[in-house]
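Coordinate analysis (summary)
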Amino acid sequence: MPARIDASQRRADVVAAASRLVARDGAAALSLRRVADEAELNVGSVRHYFDGSDDLLTATAEDVGRRMGERLASHRLDDLGAEWPERLAVFVEEVLPVDVERREEAAVLVEFVVASRTRPILAAATARMGRDLREALCTALASAGIGAAEQEADRLAALIGGLTLDAITPHGELGPAELRATLRRHLESLARHE
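Keep in mind the model is a prediction, meaning the values are calculated, not measured. (Residues numbered from 1 in each chain as written. Predicted model: local features only at pLDDT ≥ 70, side-chain atom pairs only at ≥ 80, totals over all residues. Heavy atoms only, no water.)

Here we look at helix α4 (residues 53-73)
When the terminal C-alpha atoms of α4 are compared, their 30 Å separation across 21 residues agrees well with the 30 Å that a helix rising 1.5 Å per residue should span. Those residues of α4 lying buried are L56, L57, T58, A59, T60, A61, D63, V64, M68, R71 and L72. Each element contacted by the buried residues of α4 is listed here: α1 (7-25), α2 (32-39), α3 (43-49), α5 (84-93), α6 (100-118) and α7 (123-143). (Helix = DSSP H or I, 4+ residues; strand = E, 2+ residues; numbered from the N terminus. Expected span 1.5 Å × (residues − 1). Buried < 20%, exposed > 50% of the residue type's maximum accessible area, 1.4 Å probe, protein only. Contact = heavy atoms within 4.5 Å.)

Some remarks on the pattern of salt bridges
The full count for this structure, using the stated rule, is 21 salt bridges. Note that E38 and R24 form a salt bridge whose closest N and O atoms lie 2.9 Å from each other. One end of the pair, E38, is in helix α2; the other, R24, is in helix α1, with 14 residues separating them in the sequence. E38 gets classed as partly exposed once you look at its relative accessible area, which sits at 23%. The salt bridge involving E86 is made with R184; its shortest N-O contact spans 2.9 Å. With E86 in helix α5 and R184 in helix α9 (residues 176-193), the pair connects residues that are 98 residues apart, well separated along the chain. It is possible to trace a salt-bridge network through shared partners that takes in D63, R66, R67, E70, R71, E94, D99, E101, R102 and E105. (Salt bridge = Lys/Arg side-chain N within 4 Å of Asp/Glu carboxyl O.)

A short note on the packing of α5 against α7
Where α5 contacts α7, the axes come no closer than 11 Å and their chain directions differ by 170°. When the axis of α5 is compared with that of α7, the two are roughly antiparallel. Across the interface between the two elements, L88, F91 and V92 of α5 pack against A136, L137, A140 and L141 of α7. Split by residue class, the contact of α5 with α7 holds seven nonpolar, no polar and no charged. (Axes fitted to C-alpha atoms, helices over the stretch in contact; angles between N-to-C directions. Parallel < 35°, antiparallel > 145°, perpendicular 65-115°, else oblique. Nonpolar A, V, L, I, M, F, W, Y, C, P; charged D, E, K, R; others polar.)

A short note on the side chain of E93
Within the secondary structure, E93 sits in helix α5. Judged by relative accessible area, which is 10%, E93 ranks as buried. Those residues in contact with E93 that sit more than four places away from it in its chain are V98, R102, R180, L183 and R184.

Following this line, the structure appears as structure tokens:
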């Protein structure tokens, strides 16, 4: 009797292989054949779950977004109290490339966002992810009592994007300590002006 294949696990394995490939080689390197090789499957197994590379790239980015969202949701933001700058910094670090796992996730999301510039089929998912991040930041900032929380969420989202890009590309040299310090300086400046 042939072994039963757990379809959800197989799909997750394919997405994990795509994530590794995109983080290592970029979105342009993503193909069903290369992902099949990375996952040690035949290409037909990958095609069973994904129609093409855009479908697979979207699923991979959404998986990263889901993991980030779960980490963000684990934080209580209803009453941040006087220590809100540090609590908010810890919250934001959930999406910054401050360790190996988050660095891979950040690389996948940056590749996805860049690919969406020239591949319109990816644009809606990219825009939704951006809105979700800004909404989470706005909720956190409002909970901290920051005025103009929507505007500050936009600024903080831009800071996160810039720090992420600087940390995962040769453009910059920011390591985890510098990412954390820069984030805290920004939040402390908000605290001084609240």
